[in-house]
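So you can see what is in the structure, the chains are spelled out below.
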Amino acid sequence: RIGENIIVFDFIRPAVAREIFDQMVRATLKDLEATGIQVEIAPSVREQLENLCLADLSNGGRGIRNQVESHLVNPLARSLFDRDAQPGSRWTVMNIQDGAVTTLGIENS
């Protein structure tokens, strides 16, 4: 940014990007838990999700947030709505399919 001051812009490093990603995923799951719906993500799905969300770090934290919304928040909301998830229910995200629209395979656990 150039103006009264010059501010050096430094791109997000991969380790910091992972921390941002982890925090956003934790916050999403915690928000669901506050509604009484518990969701877990299978380790292989979490790894795939992380790869999708952190593939391009050029847009910084905002870009990571947009990817988390596209690949986790919105598909998870659709999946839970389609299955009429109720407070007290427990779900596990078992698979993820990336395409024009990301879909999540969830199972009641």
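A brief report on the enclosed structure follows. (Residues numbered from 1 in each chain as written. Predicted model: local features only at pLDDT ≥ 70, side-chain atom pairs only at ≥ 80, totals over all residues. Heavy atoms only, no water.)

1. Brief notes about the environment of Leu54
- With respect to the helices and strands, Leu54 occurs in the loop between helix H2 (43-53) and helix H3 (60-82).
- With relative accessibility at 14%, the residue Leu54 sits in the buried group.
- C-alpha separation for the pair Leu54 and Ile64, spaced ten residues apart in sequence, amounts to 6.5 Å.
- Filtering out sequence-adjacent residues up to four positions away, Leu54 remains in contact with Ala17, Arg18, Phe21 and Ile64. (Helix = DSSP H or I, 4+ residues; strand = E, 2+ residues; numbered from the N terminus. Buried < 20%, exposed > 50% of the residue type's maximum accessible area, 1.4 Å probe, protein only. Contact = heavy atoms within 4.5 Å.)

2. Remarks on the packing of helix H1 (residues 14-34) against H2
- The geometry of H1 relative to H2 is characterised by a closest axis approach of 11 Å and an angle of 120° between their N-to-C directions. Classified by the interaxial angle, the pair formed by H1 and H2 is oblique. In this structure, H1 crosses over H2, and the sense of that crossing is right-handed. Between H1 and H2, the residues in contact are Arg18, Phe21, Asp22 and Val25 and Arg46, Leu49, Glu50 and Cys53, respectively.
- Split into classes, the residues belonging to the contact of H1 with H2 amount to four nonpolar, no polar and four charged. (Axes fitted to C-alpha atoms, helices over the stretch in contact; angles between N-to-C directions. Parallel < 35°, antiparallel > 145°, perpendicular 65-115°, else oblique. Left-handed = near helix turned anticlockwise from the far one by under 90°. Nonpolar A, V, L, I, M, F, W, Y, C, P; charged D, E, K, R; others polar.)

3. Concerning the packing of H2 against H3
- Contact pair H2 / H3: the axes reach a minimum separation of 9 Å and the direction vectors enclose 135°. Put simply, H2 runs oblique to H3. Crossing handedness for the pair H2 and H3: right-handed. Along its contact with H2, which presents Leu49, Leu52 and Cys53, the element H3 presents Ile64, Gln67, Val68, His71 and Leu72.
- Of the residues contributing to the contact of H2 with H3, the split by class is six nonpolar, two polar and no charged.

4. Re the nonpolar core
- One finds Phe21, Val39, Ile64, Leu72, Leu76, Leu80 and Val93 to be the most contacted residues of the largest nonpolar core, which totals 26 residues.
- Elements with a contribution of two residues or more to this core: H1, strand S1 (38-41), H2, H3, strand S2 (90-97) and strand S3 (103-108).
- Of all the elements, H1 adds the most residues to this core, at six residues. (Core = buried A, V, L, I, M, F, W, Y, C linked by side-chain atoms within 4.5 Å.)

5. Quick word on unusual backbone geometry
- Positive phi, normally seen in glycine, also occurs at Asp84, with a value near 50°.
- Looking at the secondary structure, you find Asp84 in the loop between H3 and S2.
- Judged by its relative accessible area of 53%, Asp84 is exposed.

Taken by themselves, the reported measurements are silent on function.
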